[in-house]
Amino acid sequence: MTAKISFFPWLLILYSLTFTLLIKHTVSQDNRQAYIVYMGNRPEGQIISTAALHISMLRQVLGSNIGQESLLRSFKRSFQGFVVKLTEEEAQRMARLRGVVSVFPNRKRKLHTTRSWDFIGFSQQVERATIEGDIVIGMLDTGIWPESASFDDQGFGPPPTKWEGSCQASSNFTCNNKIIGARYYRSDGEFPAGDIISPRDENGHGSHTSSTAAGNLVSSASLYGLAQGTARGGVPSARIAVYKVCWADGCYDADMLAAFDDAIADGVDILSISIGGSNPQEYFDNAIAIGAFHAMTKGILTSVAAGNDGPSLGSITNVAPWFLSVAASTIDRKFLTTVQLGNNQTYQGISINTATLEGMLPLIYGGDAPNISAGYTNASSSFCLEDSLDQNLVKGKVVVCDILDTGEGPFYAGAAGALMRGQSNRDAAYHFPLPTSYINTADGNKVMLYLRSTSTATATLFKSHEATDTSAPYIVSFSSRGPNPVTSDILKPDLSAPGVDILAAWSLVNPVSETKGDNRFVPYNIFSGTSMACPHATAAAAYVKSFHPTWSPGAIRSTLMTTVNCTITFNLAKLSATYFLFAATPMSSKSNPEAEFAYGAGQINPIKALNPGLVYDAEAIDYIKFLCGQGYNNSILQLVTGDNSSCSETINGTVWDLNYPSFAISANTSGSGNISHVFNRVVTNVGSPSSTYKASVTAPERLKIQANPDTLNFTFLGERQAFTLTIEGAMVQSIVSASLVWDDGVHQVRSPIIVYLDYIVYMGDRPKGEFSASSVHTSILQQVIGSGAEEHLLYSYHRSFNGFVAKLTQEEVQRLKGMEGVVSVFPNGRKQLHTTRSWDFMGFSQSVQRAPTESDIIGISINTVDLKGQMLPLIYGGDAPNKTAGADGSESRYCEEGSLNETLVRGKIVLCDGLDTGEGPALAGAAGCIMSDEIYQDVAFLFPIPTSYLNLKDGSKVATYLNSTSEPTAAIFKSIAVKDEMAPSVVSFSSRGPNPITTDILKPDLTAPGVDILASWSLATKLSESPEDNRVSPYNIISGTSMSCPHASSIAAYVKSFHPTWSPAAIKSALMTTASPMNVEYNSDAEFGYGSGHLNPVKAADPGLIYDAGVLDYVKFLCGQGYNTTLLRILTGDNNSCSAANTGAVWDLNYPSFAVSTNSTQSITRVFHRNVTNVGSPVSTYKAAVVTQPGLGIQVQPSVLSFKYVGETKSFVVTVTAEVSKSLNRSSGSLVWDDGVHQVRSPVVAYYLFESEV
């Protein structure tokens, strides 16, 4: 990806082919567009031909009249799939076919130069491996200009014997012993007009990246004398294989996958891709991630540009963990262009200007030369956009423009030069089609003062000159930033490499500025972008591989990342220190406040990468474990891998256990600011055979980072040692950087650590009309953070309501909370699924009747395994402590993980005191488990081994039997289903009222089934969710309010299907007032347990009356709760105010239930105002019936409501008198409106409010 000025005044977009903005991919008249059908790995020994298989699949979707011509492309050499035109519906049907991993549109992507190698310390004289000439780099790009001196094959022998590629030669293109392979791809066969239909590069981008990676040494290369020196690639002896996938209208996924398919089979060693998209996609909906995965399985590392959408956080899109993501850094050279005015004042601007203007020329302001005939005004022409300037006024003059733009406006209007002014994007120089200088705002204002001071203002521009950038290296503003938008706890980008003002080979048919009419055609050009950084990393990877040809892609990536140059700076309240690591060319968080999100591990150091000491290796199986942990199922993984890979207990890992050379935590602090995470890693010795590495941790105050063990002793090469890294402590900033270094006195193996937290700023309703959310939100952040606020903005909400997500410190949070327009600011906390069975296990059980046979004892569990009555040895956990781990009988009796002696319990049934996950006995090798306790007797759970949970009485009987004989035995049978006579009752784990925020609104509203629910399940997760469990199933039985919620959601949808115009409150009322009353005998918490009662779907569709409520009702309620007019207007987006008529007490909210709280022991009276709307019979009469308890009085006025039509609304008043105390702390009753057909029931509850609840 290369960076260029946008046509739009406020954007700096990718410096890609200019016309990608102008040409839009079209679909055929029948609404079909090209889709990629990805089918995973290429099957071994497949009998049916690939084309025949793909045609067969097409016929299942499109019908029998489908032939070979319908296939746009088949992938068959390295993986399997095809490209075909489909409608959206056909694509969905295709995705459901057996053998299909994913179906996604053939998206268009964008393209993302010899001082750079010397700057990073990689001179021409570095040691070279003898097999560098056998290394083949595959370049997926715009092609190549084969006549360039960078690709001359003089001195090269024939291609390496492993090479199986080919050259699509034509009358205008041939390969040689440097360019040993070349192909071009266009899946639809429709080439853009003017493009060269061969591997030849008509753009220049592909030649630039290829020569940066592997170009020959070319002395005295320059751009009109600028950047003069020896142009060279990082591995000049390496061979190049060209795969042209980009054309004038962009780079399409189908073509990139076809190139991957060929490149892998051709025998490339490294792949380089300076291409990317604008939006992140899941891994197997992303062509680059798919191709790179298959390349990785064949031992090929893919190096990919991070993208040019910076400096916004979260802007990176190339993020798969199996490829290398490369950010762009500066070098110590910059280009400045001097402007001289008629008053002899001079100013330095930024640009790449290849010529000096001849003499002093008239100076004019763009705002004074509008193209009135085209509808432009003085204000709009000041930006100098294309066609905005009057040619008669600007021809032959130097034009002053108010923003940085392409320069095409002044150029096409006939201007002699341009003077642009602004403050943004001043860290890279750009080409323009006419002499141009980009000066800062302050100098621009001085130019305008001069221009207004005389009627004969003049100016001239000089050819650019080189200057030293003493701040380098730092990450350029356009380089895309993390955090990783797909997997937040994997750090991306991985590292950085030079990507600014790079001189490299160019195409002789594309002008210097890529602007039509620019007549400068050159063999070498200067460009910037992550496209330029990527081939630097590609070459470094190839250099390492030439010395270590057997190293895996994971090992090569590790060595590049752990040997980079980096500096960490802490500036906390009580800590101010800078730590220099490999300080030759350090990266610093001072220059880039986004720290690792900008530069990853740091800037590449190819020489150090040859000898890293240790590597964090990762093979295909490691990524499969990672994908299992990400929720991909067995069927998908087996298609992707082409083998029998499955998500078992040994093949299932969390993101924190992927053997990655960096550590990232997206902190979930729940507002406390405290974090705790454990990472598992393995390092392999590739340094000295006998060596000792000690861990050195650099961390800010209040963050504790510990490696265990902190010393690793190696005795031979290839030896692997495991360690854990524990990170815990408090977050005092939104982004915290740290590092771990393993040091043996020779090697310093460094891994970056980053912990981050973001906040949600809620700003109420969406403003009416058009508004730029990002601009508004950036402006708000600037008031709190200052300059660079856009770098802290992660996401803007703007479609349905207003707000944003940002990286903030605690101090900044407090300042934002006090700002006008802000409703609330709170941490982006991670919520938990409301199931009771999770990794953080909570134990509950379900009681059943005792069996008539005294020798059999019935316990509670969901046991799917039948031991068929096999009697096994029985042992008490307290008699089998794991003494080597420091456990004694008082600990092992509970059978917690690590507490049991494996030798004593293996193959036996273990009796445990207490309910637990069962993982302790399972890990110790027990055949089964009996648990005994009295807690939670109303729900059953799954365990990783056969288990039964007994009450204490029956558990005591088991213990008595166990102690009565020297050879106790037991058997556990498969579970049986029995009827629960007490159902429905509210399960013990379900959260109870009273409402902790508004005490006089009853919560929960109602109850629904949530215990022992059978439903669909992921094949990637074991039945018990335990790593020791081998059982997978498409359906599982689990319990939780997570299970009851979708029951209520479904019935709400059912009601809405009959009454599509009903409001949310009307639907809720129907569900609550028709709920079945529940027995307080089985639910001692009464309404605080079950609300209105148990959901009754059939009655809910015809409730008779509803308690409706609209936005205004909730506004009145909020006014009564103390929210002010300003805040409410932000929330609602209108002119609501808390007037006397618009303020209501909580008791007047038209809610379908009634609650009274008091902390007084005296009698209390509350008056409730309610409205009901007739939705039953048009003519009907409802009478009020009340049910009360001692201490509770309920009066209704009027007690009879007569309706004449559907939709009629009637008002009534309910007066509740209650007398409660600390001892008699709750009294319940109900109000029912009854017309003989409908019973519209509302619960009434009065309760004593204890101090802890106030």
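Residues numbered from 1 in each chain as written. Predicted model: local features only at pLDDT ≥ 70, side-chain atom pairs only at ≥ 80, totals over all residues. Heavy atoms only, no water.

Some points on the overall build of the protein chain
Within the protein chain one finds 28 helices and 60 strands. Looking at the protein chain residue by residue over its 1254 residues, the buried ones come to 56%. Carbon and sulfur atoms make up 51% of the accessible area of the protein chain, which totals about 50,000 Å². (Helix = DSSP H or I, 4+ residues; strand = E, 2+ residues; numbered from the N terminus. Buried < 20%, exposed > 50% of the residue type's maximum accessible area, 1.4 Å probe, protein only. Areas by Shrake-Rupley, 256 points an atom, 1.4 Å probe, with all protein chains shown as cover.)

What to know about the sheet that holds strand S57 (residues 1200-1203)
One open sheet holds the five strands; their spatial order is S53-S60-S59-S55-S57, and the pairing between them is mixed. Looking at the sheet topology across the chains shown, the edges are occupied by strand S53 (1154-1158) and S57. Within the sheet, the average angular offset between the axes of one strand and its neighbour, ignoring direction, is 15 degrees. As paired strands, strand S59 (residues 1226-1234) and strand S60 (residues 1239-1248) are joined by nine bridges and run antiparallel to one another. The residue of S60 that forms the bridge with Ser1230 is Pro1243. (Pairing = 2+ DSSP bridges. Axes fitted to C-alpha atoms, helices over the stretch in contact; angles between N-to-C directions.)

Focus: helix H22 (residues 952-963)
Helix length check: H22, at 12 residues, gives a terminal C-alpha distance of 16 Å against a target of 16 Å (1.5 Å per residue), a fit within 8%. Inspection of H22 places Asp954, Gly955, Val958 and Leu962 among the buried residues, and these make up the whole buried set. In an axial view of H22, the angular spread of the buried residues amounts to 105 degrees, which keeps them on one side of the axis. What points out from H22, more than 90 degrees from its buried face, is the exposed set Lys953, Thr960 and Asn963. Against strand S45 (872-876), strand S46 (909-913), strand S47 (928-932) and strand S48 (947-950) lie the buried residues of H22. Here H22 starts with a cap whose side-chain oxygen sits 3.2 Å from the backbone nitrogen of Lys953, and that cap is Asn951. (Expected span 1.5 Å × (residues − 1). Arc of directions from axis to C-beta. Contact = heavy atoms within 4.5 Å. Polar contact = N/O pair within 3.5 Å; in protein donor to acceptor, adjacent residues only side chain to side chain.)

Quick look at the nonpolar core
Judged by nonpolar contacts, the single largest core of 155 residues is most densely connected at Phe284 and Trp322. For this core, the element with the highest residue contribution is helix H11 (residues 530-547), accounting for nine residues. Setting aside anything within four residues of it in sequence, one finds Trp322 in contact with Tyr283, Phe284, Ala289, Ala292, Phe293, Met296, Arg557, Tyr623 and Leu627. In terms of nonpolar packing, the next biggest core, distinct from the first, is built from 42 residues, Phe663, Ala667, Val755 and Ile780 among them. (Core = buried A, V, L, I, M, F, W, Y, C linked by side-chain atoms within 4.5 Å.)

Brief notes about unusual backbone geometry
The residue after Lys492, namely Pro493, is reached through a cis peptide bond having omega 0 degrees. Mapped onto the fold, Pro493 is located in the loop between strand S26 (465-468) and strand S27 (495-498). Cis geometry is adopted by the peptide bond preceding Pro709, which originates at Asn708 and carries an omega value of 0 degrees. You can see Pro709 is positioned in the loop between strand S36 (703-708) and strand S37 (711-714). With a phi close to 60 degrees, Glu514 is a non-glycine residue in the positive phi region. Judged by its relative accessible area of 9%, Glu514 falls in the buried class.

Focus: the packing of helix H5 (residues 253-266) against helix H6 (residues 287-297)
Where H5 meets H6, the closest approach of the two axes is 9 Å, and the angle between their N-to-C directions is 5 degrees. Between H5 and H6, the interaxial angle falls into the category roughly parallel. From H5, Asp253, Met256, Leu257, Phe260 and Ile264 reach across to H6, where they touch Ala287, Ile288, Ile290, Gly291, Ala292, His294 and Ala295. Within the contact of H5 with H6, the residues separate by chemical class into nine nonpolar, two polar and one charged. (Parallel < 35°, antiparallel > 145°, perpendicular 65-115°, else oblique. Nonpolar A, V, L, I, M, F, W, Y, C, P; charged D, E, K, R; others polar.)

Considerations on the sheet that holds strand S41 (residues 759-765)
The pairing of strands in a sheet comes from backbone hydrogen bonds and takes either a parallel or an antiparallel form. Ordered by their spatial adjacency, four strands build an open sheet running S42-S43-S41-S44, and the pairing between neighbours is antiparallel. Looking at strand neighbours, the two that pair on one side only are strand S42 (793-797) and strand S44 (824-827), the edges of this open sheet. Adjacent strand axes in the sheet meet at a mean angle of 20 degrees when their direction is disregarded. Together, S41, S42 and strand S43 (801-806) form the strand contacts of helix H17 (residues 773-785), whose direction differs from that of S42 by roughly 130 degrees.

Here we look at the state of the cysteines
For the structure shown, the criterion picks out six disulfides. Paired through a disulfide, Cys246 and Cys251 show a sulfur-sulfur distance of 2.1 Å. Taking the sign of the S-S torsion, about 110 degrees here, the bridge from Cys246 to Cys251 comes out right-handed. Note on Cys251: relative accessible area 1%, which makes it buried. Here Cys628 connects covalently by a disulfide to Cys647, the sulfurs 2.0 Å from one another. The S-S bond linking Cys628 to Cys647 shows a torsion near -90 degrees; that makes this disulfide left-handed. You can see Cys628 sitting in helix H15 (residues 620-629) and its partner Cys647 sitting in the loop between helix H16 (634-641) and strand S33 (663-666), a full 19 residues away along the chain. (Disulfide = S-S within 2.5 Å.)

So, the packing of aromatic side chains
For any two aromatic rings, the description comes down to two numbers: the centre-to-centre distance and the angle of the planes. Across all of its chains, the model carries 27 aromatic pairs by this definition. Look at Tyr1054 and Phe1058: their rings are 5.1 Å apart centre to centre, the planes differ by 80 degrees, and that puts the pair in the edge-to-face class. Taken together, the residues span about one helical turn, with Tyr1054 and Phe1058 both in helix H23 (residues 1041-1058) at a distance of four residues. Note on Phe1088 and Tyr1247: the rings are 4.9 Å apart at their centroids and 90 degrees apart in plane angle, and the pair reads as edge-to-face. (Phe/Tyr/Trp six-rings, centres within 6.5 Å; stacked < 30°, edge-to-face > 60°.)

As for the pairing of strand S40 (residues 748-756)
With eight of nine residues buried, S40 is to be regarded as a mostly interior element. Relative to S40, S33 is paired through four bridges, and the arrangement is parallel. Of the residues in S40, the one forming a bridge with Ser666 is Tyr756. As defined by bridge partners, strand S39 (residues 735-743) adjoins S40 across nine bridges and the pair is classed as antiparallel. Note on S40: the bridge partner recorded for Leu740 is Ser751. Hairpin geometry of S39 and S40 is characterised by an intervening segment of four residues between the two adjacent antiparallel strands and by a positive phi of about 95 degrees at Gly745.

Focus on the packing of H6 against H15
One can describe the packing of H6 onto H15 by two numbers: an axis separation of 9 Å at closest approach and a directional angle of 140 degrees. Classified by the interaxial angle, the pair formed by H6 and H15 is oblique. Facing Phe293, Met296 and Thr297 of H6, the residues of H15 in contact are Ala620, Tyr623 and Leu627. Across the contact of H6 with H15, the residue classes tally to five nonpolar, one polar and no charged.

Digging into the confidence of the model for the protein chain
Residues shown with low pLDDT carry predicted positions that ought not to be read at fine detail. The share of residues in the protein chain with pLDDT of 70 or more is 91%, and the mean pLDDT across the chain is 86. Counting contacts from residues 4-29, a segment whose pLDDT is below 50, to residues more than four positions away or on other chains yields 71 contacts. Every residue in residues 567-586 is under pLDDT 50, and counting partners more than four places away or in other chains gives 59 contacts. (pLDDT = per-residue confidence, 0-100.)

Brief notes about the environment of Leu324
Within the element layout of this structure, Leu324 appears in strand S18 (residues 324-329). Setting aside chain neighbours within four positions, we find Leu324 in contact with Leu301, Thr302, Ser303, Val304, Asp494, Leu495, Ala537, Arg557 and Leu560.

What about the pattern of salt bridges?
Enumeration over the complete set of coordinates arrives at 24 salt bridges. Between Asp266 and Arg183 there is a salt bridge; the shortest N-O distance is 3.1 Å. Of this pair, Asp266 sits in helix H5 while Arg183 sits in strand S9 (residues 179-184), placing them 83 residues apart in sequence. Its relative accessible area of 1% is what places Asp266 among the buried residues. We classify Arg183 as buried; its relative accessible area is 14%. A salt bridge links Glu594 to Arg481, with the nearest nitrogen and oxygen atoms 3.6 Å apart. (Salt bridge = Lys/Arg side-chain N within 4 Å of Asp/Glu carboxyl O.)

Quick notes on the side chain of Arg186
Mapped onto the elements, Arg186 comes out in the loop between S9 and helix H4 (205-214). At 2.7 Å, the side chain of Arg186 forms a polar contact with the side chain of Asp249. In contact with Arg186, not counting residues within four places along its chain, are Phe191, Pro192, Trp247, Asp249, Tyr252 and Asp255.

Considering H16
Inspection of H16 places Asn634, Ile636, Leu637, Val640 and Thr641 among the buried residues, and these make up the whole buried set. Buried positions in H16, seen along its axis, are confined to an arc of 160 degrees and lie on one side of it. Contacts made by the buried residues of H16 are with strand S3 (33-41), H6 and H15. The first or second residue beyond H16 is Gly642, which carries a positive phi of 75 degrees.

As for the pairing of strand S12 (residues 239-244)
Most of S12 is tucked away, with six of its six residues classed as buried. Residues of S12 alternate between two faces, with Arg239, Ala241 and Tyr243 on one and Ile240, Val242 and Lys244 on the opposite face, all of them buried. As paired strands, S9 and S12 are joined by five bridges and run parallel to one another. Counted as the bridge partner of Ile179 is Ile240 from S12.

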